[in-house]
Amino acid sequence: MDVFLECLKEYCLNGTSDRDNDKTIFNLWFRCYGEAYTFVYKQNLHVTNIQHVELLMLLKKFCNSVNNDALSFISSRDFLNRIEKILFNFVEKDEIDQARKDRLLSPVLENKLLHISTLYNDLFEHLIVVDPYYCTSAVFLPHNLTIDIEKICYFSGYIHSCGENIYTRNMLKASKEQFCNNLERFKEDIEKEEKYENMRLMLYTHEDFTPYDRSIGDPDDFLKNGLDNIKFYMEKYYMQKEPLWDVFEFIKNDSNLGTFYNVMPSGDYRRTEEYFTETSVWLIIDYSVGDSLQFPGDDKYYICYHQSHKNENPFHLFDENKPGWIDHVTIPHTLSGAMLNIAILLCGNKRPLTAIDPFVGTGTTYLEALRHNDLDFSGSDISGLSRIATKDNLRFFCIMQYDLKKLILFLVQILEKKDKNIFIPDSVHIEYVQNDVLDTIIIALDNNLQIMYDFVSDKDFNDIKEQDFISWTKMYADNILKESHQEKITIKRDKLLFATRILIYTMIKAHKRNAYAILRARKEWKEAFYYELKELYSRTIAFKKQYYRMNSNGRHLNSNDALIIYSAPFSKAVSLNPLYVFKKSMKLSEDTIEPECDISDRLNELISEGKKFDIILTDPPYGFNTDEDKMKFSQLYLEILPKLVEILSNNGIIMLCLPAHSHSGKGVDYFVQKEIISLQLNIAAIANNKVLHENIEINKANHKVYTTSLYWDSEKALKRDIVCFQFSGK
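All values derive from a computational prediction rather than experimental measurement.

S.K.: Please clarify how the packing of helix H15 (residues 401–416) against helix H20 (residues 525–553) should be interpreted in this entry.
M.R.: Two packed helices can be described by the angle between their axes and the distance between those axes. Following both chains from N to C, one finds H15 and H20 inclined at 155 degrees, their axes separated by 10 Å at the closest point. Compared by their axis directions, H15 and H20 come out roughly antiparallel. Along this stretch, H15 crosses H20, giving a crossing that reads as left-handed. For the pair formed by H15 and H20, the contact residues are Gln401, Leu404, Lys405, Ile408, Leu411, Val412, Ile414 and Leu415 on the first element and Tyr530, Leu533, Lys534, Leu536, Tyr537, Thr540, Ile541, Phe543, Lys544, Tyr547, Tyr548 and Asn551 on the second. Class assignment of the residues belonging to the contact of H15 with H20 gives a composition of 14 nonpolar, three polar and three charged.

S.K.: I would appreciate a short explanation of the packing of aromatic side chains in the present structure.
M.R.: Two aromatic rings are characterised by how far apart their centres lie and by the angle between their planes. Counted under the stated rule, the structure contains 37 aromatic pairs. Seen from their ring centres, Phe179 and Phe248 are 5.9 Å apart, and the 65 degrees between their planes marks the pair as edge-to-face. In this pair, Phe179 sits in helix H8 (residues 176–193) while Phe248 sits in helix H10 (residues 244–253), placing the two residues 69 residues apart along the sequence. By relative accessible area, Phe179 is classed as buried at 0%. For Phe248, a relative accessible area of 0% puts it in the buried group. Seen from their ring centres, Phe396 and Phe397 are 5.2 Å apart, and the 90 degrees between their planes marks the pair as edge-to-face. Owing to a relative accessible area of 1%, Phe396 belongs among the buried residues under this scheme.

S.K.: How should the packing of helix H19 (residues 493–519) against H20 be read in this particular structure?
M.R.: Where H19 contacts H20, the axes come no closer than 8 Å and their chain directions differ by 130 degrees. Here H20 runs oblique to H19, going by the angle between their axes. Relative to H20, H19 is oriented so that their crossing is right-handed. On H20, the residues touching Ile502, Leu503, Thr506, Met507, Lys509, Ala510, Arg513, Asn514 and Ile518 of H19 are Trp525, Ala528, Phe529, Glu532, Leu533 and Leu536. The class makeup of the residues in the contact of H19 with H20 is ten nonpolar, two polar and three charged.

S.K.: Where do I start with the pattern of salt bridges in this structure?
M.R.: Any two side chains of opposite charge can pair, on the condition that their charged atoms come close. This structure, assessed with the given rule, holds 24 salt bridges. A salt bridge links Lys310 to Glu312, with the shortest nitrogen-to-oxygen separation between them at 3.9 Å. Glu312 sits in the buried class, given a relative accessible area of 3%. With a shortest N-O distance of 2.4 Å, Lys350 and Asp614 are connected by a salt bridge. Of this pair, Lys350 sits in the loop between helix H12 (333–346) and strand S13 (353–357) while Asp614 sits in strand S18 (residues 613–618), and the two are 264 residues apart along the sequence. Taken together, the shared-partner salt bridges connect Asp213, Asp228 and Lys231 into one network.

S.K.: Any chance you could explain the pairing of strand S16 (residues 571–576) here in plain terms?
M.R.: Strand residues, when the strand is regular, have side chains that alternate between the two faces of the sheet. When you tally the buried positions in S16, you get five out of six residues, the bulk of the element. Judged from the three bridges that link them, strand S12 (residues 309–311) and S16 form a sheet pairing that is parallel. Across the sheet, Lys310 pairs through a bridge with Ala573, a residue of S16. Remark: two residues form the turn of the hairpin made by strand S15 (residues 563–568) and S16, two consecutive strands paired antiparallel; Phe570 in that turn has positive phi of roughly 80 degrees.

The rules behind each value
- Residues numbered from 1 in each chain as written.
- Predicted model: local features only at pLDDT ≥ 70, side-chain atom pairs only at ≥ 80, totals over all residues.
- Heavy atoms only, no water.
- Axes fitted to C-alpha atoms, helices over the stretch in contact; angles between N-to-C directions.
- Helix = DSSP H or I, 4+ residues; strand = E, 2+ residues; numbered from the N terminus.
- Parallel < 35°, antiparallel > 145°, perpendicular 65-115°, else oblique.
- Left-handed = near helix turned anticlockwise from the far one by under 90°.
- Contact = heavy atoms within 4.5 Å.
- Nonpolar A, V, L, I, M, F, W, Y, C, P; charged D, E, K, R; others polar.
- Phe/Tyr/Trp six-rings, centres within 6.5 Å; stacked < 30°, edge-to-face > 60°.
- Buried < 20%, exposed > 50% of the residue type's maximum accessible area, 1.4 Å probe, protein only.
- Salt bridge = Lys/Arg side-chain N within 4 Å of Asp/Glu carboxyl O.
- Pairing = 2+ DSSP bridges.

Have a look at this one:
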């Protein structure tokens with residue numbers, strides 16, 4: 001069947017310009033024959049716009065088109081404008097009016113529509129409509145295209161959840177009638193596929209979520225400047241003149257809709273576990289994009305979508321707060337994952353790929369690279385603790401379930417010394433009250449905390465060597481075992497060493513984040529330490545919940561498969577298979593990450609060895625939280641940038657996170673900013689007989705969300721430019 005021709009005929013016979021009507025040309029093409037999706041992001045445009053660009057790249061990658069390079073992205077407004085111009089270039093409005101009056105297409109009009117379809121069917125079958133909003137994106141596919149939504153959700157750095165779009169409408173134009181009609185159509189589609197007998201209808205309200213979603217074990221990193229923005233106040237909102245609650249009372253009591261959609265009751269959403277299901281429908285709100293990209297526009301939209309998949313990447317629970325932590329100059333996992341996705345997809349179909357992060361830190365980029373089976377990663381860092389901290393992070397994320405419970409028990413008993421009311425999960429509570437051996441170890445540890453903190457506060461961890469750090473950790477662990485009279489414990493010693501290092505990382509974090517407050521006597525070091533330890537504990541509890549779900553009902557639990565899919569509250573979840581991480585950890589060789597490494601010397605070694613990399617992705621140091629010598633620091637950039645270009649393979653990608661603007665009053669050196677770096681890289685490209693392509697056109701969507709330079713903003717410190725360069729041979 002010629003779907004494009006059928007849509008044109010139906011529009012000319014029964015169509016309308018009223019968007020609420022199913023017979024608009026847009027709804028006919030995309031909703032009746034194609035597919036519509038909603039993608040909800042973990043962060044909104046106030047923080048970054050990279051999530052929107054990342055989505056376009058993933059759509060291209062995981063679309064079933066015969067030629068994905070031929071795909072084009074366009075907004076719904078531009079789509080309607082384009083198709084109407086084509087239609088009315090051949091057809092007079094009077095001809096359509098007459099056809100609708102006669103309820104019949106004339107032979108002349110029918111021939112014109114056939115001509116239009118013959119000319120432009122292929123064009124419209126390669127158009128994907130993407131409408132960006134402040135916190136979400138709507139995606140519309142023609143009938144001939146499908147996407148692998150599981151893979152898109154899994155690989156994404158910023159997608160929170162996604163699924164079929166049921167209804168999107170400006171609040172001022174939304175109506176109960178059309179909303180219910182769309183719910184009815186979705187119900188019919190589901191029943192045809194015989195997938196679900198009953199669907200939970202979730203209302204993402206402040207009343208039912210905000211008082212409860214900030215509790216222990218539920219890190220709220222993505223609420224502010226993210227999920228909070230898509231909540232609404234049930235008691236204040238309307239669909240035209242009808243209160244929103246009355247609309248849902250109608251749905252609940254309707255003999256047709258009410259038997260399919262189970263409207264969730266009001267109150268604490270956590271008390272309704274009997275309603276948890278592998279799939280659900282959500283009503284949320286979102287905003288138009290404002291004139292200033294980082295602020296929402298004036299228009300509000302109701303968005304109703306079927307949440308079929310949720311991204312439960314365990315790294316995102318910790319983001320910038322991984323257990324192995326040595327400095328606060330790091331980018332979050334969400335951003336690193338998005339940058340890596342864009343860089344990989346810009347490399348085209350070449351596989352396998354090689355990537356390097358010359359400032360790898362505690363392994364953010366390395367851990368994100370684990371999700372990509374066909375990516376060979378290496379890294380280096382000047383810090384002597386880089387490799388051991390990365391190994392500890394890797395060990396944490398592939399920890400066995402039993403050992404994870406023991407680690408939680410270890411943390412909770414330390415915290416209990418400070419706070420008797422600390423939350424203890426039911427799954428560890430029995431062991432908690434019965435574990436006398438661990439209790440004696442905790443008492444001994446408590447006696448050594450001051451000594452350990454003095455060690456942390458007296459050291460510059462950029463200068464500490466890995467072996468010295470390991471030796472000190474062993475010394476503290478041995479002292480703790482001796483004082484607790486548990487010297488004969490041998491099988492648990494390695495685990496105690498690991499737990500002790502986790503405590504030291506937490507002390508480093510507490511000290512570096514609160515150094516001035518402690519110096520001014522506004523805060524005691526123990527207060528800062530216990531705060532950071534409680535943060536680690538709450539994130540570990542959340543990780544344990546995910547881990548339990550993976551082990552209880554996960555599929556694709558194959559050590560060769562990075563992706564695991566399992567049931568979670570309200571939808572399926574996609575995540576990184578811990579068995580796969582464990583397998584990767586066994587292959588972590590000593591030269592995968594080079595610590596205590598001068599970056600210039602390391603690059604010279606790679607050049608002399610003839611090593612080439614397809615991707616260089618890093619968040620380089622820019623002296624914002626340190627007192628670097630500007631003469632030496634600027635010289636470092638002058639030395640390493642040409643070397644980075646030299647080790648890059650043909651058509652390779654360099655992707656950098658660079659400082660743009662300071663929010664704290666401390667200025668940003670000009671020589672580490674985008675403008676100068678771009679010029680230096682261009683000179684290096686010419687010297688290496690390469691051509692630099694800056695501001696790569698990675699999509700053709702004509703919207704300021706995509707055409708604006710990529711940014712990531714931490715409102716307490718820096719706004720960064722995310723820059724991407726591709727280098728081709730002349």
